[in-house]
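# Architecture and fold: a report
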Amino acid sequence: MFKSQNQFYSTIFRPLDVWMRLLGIQLDPFPSAALSKPRALCLYSLSFLMFFINASSNLYFTAVSFTSPLTRFGTSEIWNKIIDFGSYNLMAIGTHAALLAIQRKPEWELLWHNLKQLAVEEDPLFYTKCRRAITIVLVCLTADIFTVVIRAVNLIVNTGGRPLMLSLTDVISILTEIYAISGLAVFATIGWITYIKFLQFHNQLNPALDLNKHLNNPSSQTRTRRTSNDLRRWRRTYVTLNETVSHLGECFGPFLLIWIIYIFINFIAVSFYIVNGIRNEPIWEKVLNLVFLLVKHLVHLLLLASIPVTLQQESLNISKPLRKMRFDEPLLQRQVDTMIMEGIQSPTTMTAMDLFPVDLTLIPTLVGTSLTYLIILWQFQTGERQNKPQCEPISQPTVGHLQ
């Protein structure tokens, strides 16, 4: 079905690859050696230009926003504004830089080499399911980008008499979130493709549980030899799947770290905006927009955490039918035991640059951390208002662009 690695990548991943190229992100793990110098120069120039626009627009908007007098705000509001700007700039610029660096990692080519090995010619259903998964991811990506574009259009319509340069950089700053969302779509797509293969491999192992009924007969040498070949093939597939998960974590480790840090910090900032908005003559439209942003953060975090957990669970599920296999033939039993040991020694736990595991425990951690810092900021604000009643509260984000 796929005569080369590049053909597999371009066939399976083409829709997302074209979209990322439009953003100036080159993700092709098998670049053609025959690429002309003018074309290569154009590709690198586009990548540099898009990153320069991203970084300059966000940093300029941050610098201009902090040149305005902040004395009318309390310390808690100022700190919340700082973490608001800081987290957004980290997400917009950091995820863009992490995506640019992925293609240069050797694990990226190894990842697609493994996926190509898993897409065997005898299994055309794998290709169909992969295309279906990419279609669903593209639909979700389009919907997420649509919400970003709506915010940008809303800002253009309601400029509020601000200088043209400030409004322009604000709009561009909003649109740079598309890079983080697109990178999340790439991560989800590869994770889903790997999950599909885990399921298919698990389905191949279930019928094998009945093999020992026929192969424990010493006279069945032909069947024993055939089963020995099957076990070697299953072992190779099992190890390849675990390596694929490992390569996925190594490639997207910095990207996951930046995304998670942004979600944690911005979740605290937006929660503080909501509390302030309700406390000070709330404009319910803005409060609902902020609540929508919180829900969006939770969905993104759930997606980031559920993919590693699902892949790890599927790896453990594969070891269950292997442990149930019992053969009288020592060669067969030794091969099964080897598969189990290699699965144990090849953990599929995904981490954010080896700092912490990426799993569903991040969600209760997020809630607990947000409540803790929200209470601290609330106490600071309450004390400041008693001493400085004239302090003006900040009840809407300056870098969530939900104004």
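Residue numbers here run from 1 along each chain, matching the order of that chain's written sequence. Selection of residues for local features in this predicted model requires a pLDDT of at least 70, selection of side-chain atom pairs for listing and counting requires 80 or more, and totals for whole chains, interfaces and linings are taken over all residues. The side-chain values count all of the structure's non-hydrogen atoms but skip hydrogen atoms and water molecules.

## Things to note about the packing of helix H2 (residues 14–22) against helix H6 (residues 124–157)
Lines fitted to the C-alpha atoms define the axes, with helices restricted to the stretch that makes contact. Angles between their N-to-C directions range from 0 to 180 degrees. In DSSP terms, a helix is any run of H or I states spanning at least four residues, a strand is any run of E spanning at least two, and both are numbered starting from the N terminus. Closest axis-to-axis distance for the H2/H6 pair is 9 Å, and the angle between their directions is 35°. Contacts between H2 and H6 involve Pro-15, Leu-16 and Trp-19 on the former and, on the latter, Arg-131, Ile-134, Leu-138, Leu-141 and Ile-145. In this count, Pro and Cys sit with the nonpolar residues alongside Ala, Val, Leu, Ile, Met, Phe, Trp and Tyr, while Asp, Glu, Lys and Arg are called charged and the others, Gly among them, polar. Its residues placed into classes, the contact of H2 with H6 shows seven nonpolar, no polar and one charged. The contact rule is simple, with two residues in contact once any of their heavy atoms fall within 4.5 Å.

## So, the side chain of Thr-95
Structurally, the position occupied by Thr-95 is in helix H4 (residues 75–102). A polar side-chain atom of Thr-95 sits 2.4 Å from the main-chain carbonyl oxygen of Met-91. In this structure, Thr-95 is in contact with Leu-90, Ala-180, Phe-255, Ile-258 and Trp-259, ignoring residues within four places of it in sequence. N or O atoms within 3.5 Å of each other form a polar contact, as long as, within protein, one can give a hydrogen and the other can take it, and as long as residues adjacent in sequence are counted only when both atoms are side-chain atoms.

## Focus: helix H8 (residues 177–205)
Between its first and last C-alpha, H8 extends 42 Å over 29 residues, near the 42 Å set by a 1.5 Å rise per residue. Extensive coverage of H8 is indicated by the burial of 24 of its 29 residues. Under the convention used throughout, the expected extent of a helix is 1.5 Å for every residue step, that is, one less than its residue count. Relative accessible area decides the class of each residue, using a 1.4 Å probe on protein chains only: under 20% of the type maximum gives buried, over 50% gives exposed, and in between gives partly exposed.

## Regarding H2
Of the residues making up H2, those classed as buried are Leu-16, Asp-17 and Met-20. One side of H2 carries all its buried residues, which in axial view fall inside an arc of 100°. Residues of H2 that are exposed and point over 90 degrees away from its buried face: Arg-14 and Leu-22. Note on H2: the residue one or two positions beyond its end, Gly-24, has a positive phi of about 85°. Our arc is simply the arc of the directions from the helix axis toward the C-beta atoms.

## Quick notes on the nonpolar core
Residues enter a nonpolar core if they are buried and are Ala, Val, Leu, Ile, Met, Phe, Trp, Tyr or Cys, with the set joined through side-chain atoms within 4.5 Å. Core analysis: the biggest nonpolar cluster contains 85 residues, and Trp-108, Ile-190 and Phe-252 have the highest contact counts within it. It is helix H10 (residues 221–279) that contributes the most residues to this core, 21 residues altogether.

## Looking at the confidence of the model for the protein chain
Reading predicted coordinates in detail is not appropriate for stretches of low pLDDT. Of all residues in the protein chain, 77% have pLDDT values of 70 or greater, and the mean over the chain is 78. Scored from 0 to 100, pLDDT reflects the predictor's confidence in each residue. Across the protein chain, H8 holds the top mean pLDDT of 88, while helix H9 (residues 212–215) sits lowest at 47. Within the model, pLDDT remains below 50 along residues 211–224, and this stretch shows 17 contacts once partners closer than five positions in the same chain are excluded. Below pLDDT 50 for its whole length, residues 398–403 participates in 26 contacts with residues either more than four positions away or in separate chains.

## Structural notes on the pattern of salt bridges
Here, a salt bridge means any Lys or Arg side-chain nitrogen found within 4 Å of an Asp or Glu carboxyl oxygen. Enumeration according to the criterion identifies four salt bridges in this entry. For Asp-17, the salt bridge is made with Arg-21, and the minimal N-O distance between the two is 3.0 Å. Residue Asp-17 and its partner Arg-21 are both found in helix H2; the two are separated by four residues, about one turn of the helix. On the basis of relative accessible area, Asp-17 is assigned to the buried category, the value being 9%. Through salt bridges with shared partners, a single network forms among Asp-144, Arg-151, Glu-177 and Lys-296.

## Describing the packing of aromatic side chains
Aromatic contacts are taken between Phe, Tyr and Trp rings whose centres are within 6.5 Å, Trp giving its six-membered ring; a plane angle under 30 degrees counts as stacked, one over 60 as edge-to-face, and the others as tilted. Applying the stated rule across the entire model yields ten aromatic pairs. With a centroid separation of 6.1 Å and 80° between ring planes, the pair formed by Trp-108 and Trp-112 is classed as edge-to-face. Separated by four residues within a single helix, Trp-108 and Trp-112 lie in helix H5 (residues 106–118), roughly one turn from each other. Since its relative accessible area comes to 0%, Trp-108 is described here as buried. Taken together through their ring pairs, the aromatic side chains of Phe-13, Trp-108, Trp-112, Phe-187, Phe-252 and Phe-255 make up a single cluster.

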